[in-house]
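In case you want the letters, here they are:
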Amino acid sequence: MPNVAYVNGKWVALQSATISVEDRGFQFGDGVYEVMRTYYGQVFHLTGHIERLLESADQVQIRPRETPGQIQKIIEAGCKKTGYKETKIYVQITRGIAPRLHSFPKNNRPTSVYTFREMTVIPQKTRSQGVSVISVEDIRWGRCHVKSLNLLPNVLAREQALQSGAYEALFVRNGWVWEGAGSNLFAILDQQIVTPPKGPFLLSGITREQVIQLGQKMGMPLREAEISLEDIYRADEVFLTGTTIEILPVVRVNGRKIGTGKPGKITQRLSSAFEEEVRVLHGHP
Ligand SMILES: Cc1ncc(COP(=O)(O)O)c(C=O)c1O
C-alpha cells in the first residue's frame with residue numbers, strides 16, 4: 001500500500017485520511033510536528049526525532065496519546081507498509097477536537113496523524129552547484145526551538161525566496177542570522193565552522209547536531225556563535241542542513257557570491273563524511 005496515514009489509531013490510505021474541521025491543529029495551528037526520513041529502509045535518528053517531538057509537545061502542554069515506544073512502532077510499521085525504498089514521514093500532534101475557544105479544552109484527547117510517502121531527494125545537480133538564498137526579517141515568535149505547526153512566517157519566507165529565484169530564505173533577527181525557513185545554517189569563518197547557538201531563535205536540527213558531532217570527530221575547529229549578515233558575506237563557505245536536504249552548499253546570499261561561488265572544500269568533506277556516517281549507522285559500510 002503506497003502513501004499511508006495513521007490517524008488516531010487507524011491505518012488509512014493517505015488520500016482518504018481526514019481530521020475534523022474542529023481540530024485545534026486546523027483552527028489555531030495548536031500542535032507540533034516532526035519530519036523524518038529513512039536511509040536503507042531505516043529511520044535516521046528515530047529516537048532523536050521522537051525526543052524532539054515530545055519536547056515540543058511538552059513546551060506547549062500537549063500530551064500525545066501514544067507513548068514513545070508506541071510512536072516508534074507506528075513509524076516503523078508505516079515504513080514497512082509503504083513498501084517504498086525510502087520513506088518520508090510526518091508526525092503531527094494537535095491538542096485535538098473541541099469547540100472553537102482559545103483556552104485549552106478540558107480533558108481533551110490529542111489528535112495524532114502520521115503520514116508516510118516516498119522520499120524524494122534533491123537533484124545531484126542542485127547539490128553539486130550549490131544554491132542561492134535570500135535574507136528576510138525574522139517575524140517568527142520567540143520560541144522557535146518548538147517545532148510548532150504554526151509555519152506561516154516560514155511559508156511566506158520560502159515563497160519570497162522562490163519568487164526571487166532563490167532556494168531558501170535565512171531569518172535575520174536584530175542583525176543576527178539564525179537559520180533558514182526549513183533548515184539550519186553553518187558558515188566557515190576564519191578557518192572555523194560556525195553555527196548559531198541553540199536557543200529560542202532556532203530549531204535544534206537533528207542534522208545540525210550530527211554535523212557538529214562529525215566536525216568534532218574529524219578534528220575540525222567548530223564554534224557555536226551568533227553570525228551576522230556581514231559575517232555571511234565574508235564567509236569562505238556557507239551551507240544549510242536539514243533532514244531532506246542533508247548538507248546543502250550555499251553559493252550566493254542576496255545575490256552576493258560566497259567564497260569562490262562554488263561549493264567549498266570543507267562543505268564537501270563534511271558531506272562525504274555525512275554520507276559515510278549514514279552508511280555505517282544503517283549497516284551499509
Ligand atoms: C525551521 C527549521 N530549522 C531547521 C530544520 C532542520 O531540522 P532537521 O535537521 O531536524 O530536519 C528544520 C527542518 O524541518 C526547520 O523547519
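Q: Even after reading the chapter, I still don't get the domain arrangement of the chain, so can you show me in this structure?
A: One frequent convention defines the size of an interface as the accessible area lost when the parts assemble. According to the domain assignment, the chain contains domain 1 (4–118) and domain 2 (124–281). Centre-to-centre, using C-alpha coordinates, domain 1 lies 26 Å away from domain 2. Facing 24 residues of domain 1, the contacting portion of domain 2 comprises 20 residues. Across the domain 1 to domain 2 interface the summed buried area is about 2000 Å²; carbon plus sulfur atoms make up 62%. Interface area lost by domain 1 to domain 2 is led by Tyr 33, Phe 44 and Arg 52, which between them contribute 31%.

Q: What is the right way to look at the sheet that holds strand E6 (residues 111–118) in this model?
A: Adjacent strands of a sheet form backbone hydrogen bonds with each other and so pair up, either parallel or antiparallel. With antiparallel pairing, six strands are arranged side by side in an open sheet as E2-E1-E6-E5-E3-E4. On the outer flanks of this sheet lie strand E2 (10–13) and strand E4 (42–43), each paired with one strand and no other. Inspection of the sheet shows strand E5 (residues 87–94) paired to E6 by eight bridges, in the antiparallel sense. Within E6, the position partnered with Gln 92 by the bridge is Val 113. Where helix H3 (residues 68–82) meets the sheet, its contacts fall on strand E1 (4–7), E2, strand E3 (31–39), E4, E5 and E6, and the angle it forms with E6 comes to roughly 30 degrees.

Q: Help me understand the packing of aromatic side chains, please; the structure alone is not making it clear to me.
A: Ring pairs (aromatic) are described by centroid distance and by the angle formed between their planes. This structure, assessed with the given rule, holds seven aromatic pairs. A centroid spacing of 4.7 Å and a plane angle of 55 degrees characterise the contact between Tyr 6 and Trp 11, whose relative ring orientation is tilted. A relative accessible area of 28% places Trp 11 in the partly exposed class. Geometrically, the ring pair formed by Tyr 6 and Tyr 114 is edge-to-face, given 5.7 Å between the ring centres and 75 degrees between the ring planes. A residue pair is termed long-range when its members are at least 10 positions apart, and Tyr 6 in strand E1 and Tyr 114 in strand E6 qualify at 108 residues. Neither residue differs from the other here; Tyr 6 and Tyr 114 are each classed as buried. In this structure an aromatic cluster arises from ring pairing among Tyr 6, Trp 11, Tyr 114 and Phe 116. The residue whose ring lies beneath Lys 81 is Trp 11, and the NZ or CZ to ring-centre distance is 4.9 Å.

Q: Sorry if this is basic, but what is going on with the packing of helix H6 (residues 206–217) against helix H8 (residues 265–281) here?
A: Geometry of a packed helix pair, given as the angle between the helix axes and the separation of the axes. Axis separation between H6 and H8 bottoms out at 10 Å; the angle between their running directions is 105 degrees. For the element pair H6 / H8, the angle class is roughly perpendicular. Where H6 approaches H8, its residues Thr 207, Gln 210, Val 211, Leu 214, Gly 215 and Lys 217 are matched on the opposing element by Leu 270, Ala 273, Phe 274 and Glu 277. Of the residues that constitute the contact of H6 with H8, the class distribution is five nonpolar, three polar and two charged.

Q: Hey, could you run me through the pattern of salt bridges in this one?
A: Close approach of charged atoms allows side chains of opposite charge to pair. Enumeration according to the criterion identifies 15 salt bridges in this entry. Across the pair Asp 138 and Arg 140 runs a salt bridge whose closest N-O atoms are separated by 2.9 Å. In this structure, Asp 138 and Arg 140 share a single accessibility class: buried. Its salt-bridge partner being Glu 275, residue Arg 279 comes within 3.7 Å of it at the nearest N-O pair. Of this pair, Arg 279 and Glu 275 both sit in helix H8, separated by four residues, roughly a single helical turn. Owing to a relative accessible area of 25%, Arg 279 belongs among the partly exposed residues under this scheme. Salt bridges sharing common partners tie together Asp 138, Arg 140, Arg 173 and Glu 179.

Q: What exactly am I supposed to notice about the site of the ligand here?
A: In the vicinity of the ligand there are 14 residues, among which Arg 52, Lys 147, Glu 179, Thr 207 and Thr 243 approach most closely. Here an oxygen atom of the ligand and a side-chain polar atom of Lys 147 are 2.8 Å apart. At 2.8 Å, a backbone N or O of Ile 206 approaches an oxygen atom of the ligand. Protein contact buries 92% of the 390 Å² of open area that the ligand shows by itself. Among the secondary structure elements, those contributing two or more residues to the shell around the ligand are strand E9 (176–180) and H6. The residue inventory of the shell around the ligand, partitioned by class, reads three nonpolar, eight polar and three charged.

Quick notes on the rules
- Residues numbered from 1 in each chain as written.
- Predicted model: local features only at pLDDT ≥ 70, side-chain atom pairs only at ≥ 80, totals over all residues.
- Heavy atoms only, no water.
- Domains from an automatic or database assignment.
- Contact = heavy atoms within 4.5 Å.
- Buried area = accessible area lost by both parts, 1.4 Å probe.
- Pairing = 2+ DSSP bridges.
- Helix = DSSP H or I, 4+ residues; strand = E, 2+ residues; numbered from the N terminus.
- Axes fitted to C-alpha atoms, helices over the stretch in contact; angles between N-to-C directions.
- Phe/Tyr/Trp six-rings, centres within 6.5 Å; stacked < 30°, edge-to-face > 60°.
- Buried < 20%, exposed > 50% of the residue type's maximum accessible area, 1.4 Å probe, protein only.
- Lys NZ or Arg CZ within 6 Å of the ring centre and 35° of its normal.
- Parallel < 35°, antiparallel > 145°, perpendicular 65-115°, else oblique.
- Nonpolar A, V, L, I, M, F, W, Y, C, P; charged D, E, K, R; others polar.
- Salt bridge = Lys/Arg side-chain N within 4 Å of Asp/Glu carboxyl O.
- Near = heavy atom within 4 Å.
- Polar contact = N/O pair within 3.5 Å; in protein donor to acceptor, adjacent residues only side chain to side chain.
- Areas by Shrake-Rupley, 256 points an atom, 1.4 Å probe, with all protein chains shown as cover.

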